[in-house]
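Each chain, written out:
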Amino acid sequence: MSTVTATDDRGAARVPVHGLTVLYDAECPLCTHLRDWLARQPQLVPLTLVPAGSDEARARFPGLDHSATLDEVTVVGDGGQVYRDTAAWIVVLWALREQRPLAHRLSTPAGARLARGAVLAAARWRGAQWGGRVYRRGDGWSYDPGLGWTYDPPGCDGGVCATR
């Protein structure tokens, strides 16, 4: 039995995956570096790269906890499968032609421990970039180490709001 599972069971065992959407933090240098790397890789399963917490992400996936997608990598399959954390990294590697054998090794119990260590190391590095301070993004999202991610939509100056 594999230790890697989707966090939301939407019939992943019987619904094939033909495409994946990777939600990433567009204001994180490590995340954007990995996004660029993913975009250059030959893909067996097409990847769509969407900034986490963005208007596009919120429109595509209204049922997701978008603050959680900023905390941990989240991947959504075209059949409704939701992968988070270590499982998300492994399914992304599975989608890449040259990385699929690695994804299969990481989906074993021993491999999953290694993958989890890599995910935790990346999260630790990312958190260190903020130095324990409140981190505010321009799109209304902010991170407080004591509270986690919160969303406060940009307000309207002088009672006038821009329309879309």
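Fair warning: this is a prediction, and the values are worked out from it, not measured in the lab.

Parameters at a glance
- Residues numbered from 1 in each chain as written.
- Predicted model: local features only at pLDDT ≥ 70, side-chain atom pairs only at ≥ 80, totals over all residues.
- Heavy atoms only, no water.
- 1 Å grid on protein atoms, 1.4 Å probe; cavity = no way out; pocket = protein on both sides within 12 Å on 5 of 7 lines; lining within 4 Å.
- Points joined across faces, edges and corners; volume = space filled by probe spheres on them.
- Helix = DSSP H or I, 4+ residues; strand = E, 2+ residues; numbered from the N terminus.
- Buried < 20%, exposed > 50% of the residue type's maximum accessible area, 1.4 Å probe, protein only.
- Contact = heavy atoms within 4.5 Å.
- Pairing = 2+ DSSP bridges.
- Core = buried A, V, L, I, M, F, W, Y, C linked by side-chain atoms within 4.5 Å.

Trainee: Looking at this model, I keep getting lost on the layout of surface pockets. Mind explaining?
Mentor: Rolled over the atoms, a probe sized like a water molecule indicates the empty space that remains. One number sums up the size of the second largest pocket: a volume of about 270 Å³. Around the second largest pocket, the lining comprises twelve residues; the ones closest to its centre are W89, L93, A115, A118 and V119. Broken down by secondary-structure element, the contributors of at least two residues to the lining of the second largest pocket are α1 (29–40), α4 (85–95), α5 (100–106) and α6 (109–128). For the lining of the second largest pocket, the element with the most residues is α6, which contributes four residues.

Trainee: Mind showing me how you'd approach the environment of L106 here?
Mentor: Along the polypeptide, L106 turns up in helix α5. By relative accessible area, L106 is classed as buried at 9%. For L106 and A87, which are 19 residues apart along the polypeptide, the C-alpha to C-alpha distance reads 9.4 Å.

Trainee: Teacher, can you tell me more about the side chain of Q41 here?
Mentor: By the secondary structure assignment, Q41 is in the loop between α1 and β2 (47–51). Relative accessible area serves as the criterion here: at 14%, Q41 is assigned to the buried category. Not counting the four nearest positions on each side in its chain, Q41 is found in contact with L96 and E98.

Trainee: Looking at this model, I keep getting lost on unusual backbone geometry. Mind explaining?
Mentor: Most peptide bonds adopt trans geometry, and most residues besides glycine take a negative phi value. The phi dihedral of D85 is positive, around 60°, even though this residue is not glycine. Along the polypeptide, D85 turns up in helix α4.

Trainee: How should I be thinking about the environment of P51 in this particular structure?
Mentor: The residue P51 is located in strand β2 in this model. Take P51: its relative accessible area is 22%, and that puts it in the partly exposed class. Distance from P51 to T69, taken between C-alpha atoms, is 9.5 Å for residues 18 residues apart in sequence. Once residues lying within four places of it in the same chain are set aside, the contact partners of P51 are Y24, A26 and A57.

Trainee: Would you explain the pairing of strand β3 (residues 74–77) in this entry?
Mentor: Consecutive residues of a regular strand have side chains that alternate between opposite faces of the sheet. The two faces of β3 match: T74 and V76 on one face and V75 and G77 on the other face are all buried. Sheet topology note: the strand β1 (residues 20–24)/β3 ladder contains four bridges and is antiparallel. Paired with L20 across the strands is G77, a residue of β3. When β3 meets strand β4 (residues 82–84), the two strands line up antiparallel, connected through three bridges. By the bridge assignment for β4, V76 is matched with V82. Remark: four residues form the turn of the hairpin made by β3 and β4, two consecutive strands paired antiparallel; G80 in that turn has positive phi of roughly 95°.

Trainee: Any chance you could explain the nonpolar core here in plain terms?
Mentor: Grouped together as the largest cluster of nonpolar side chains are 20 residues, with contacts concentrated most on L20, V22, L47, V75, Y83 and V92. Put simply, the parts of the chain that give this core at least two residues each are β1, α4 and α5. Considering each element in turn, this core owes the most residues, seven residues, to α4. Residues in contact with V92, not counting those within four places in the same chain, are V22, L38, L47 and V75. Listed in part, the ten residues of the second largest apolar core include A52, L70, V76 and W141.

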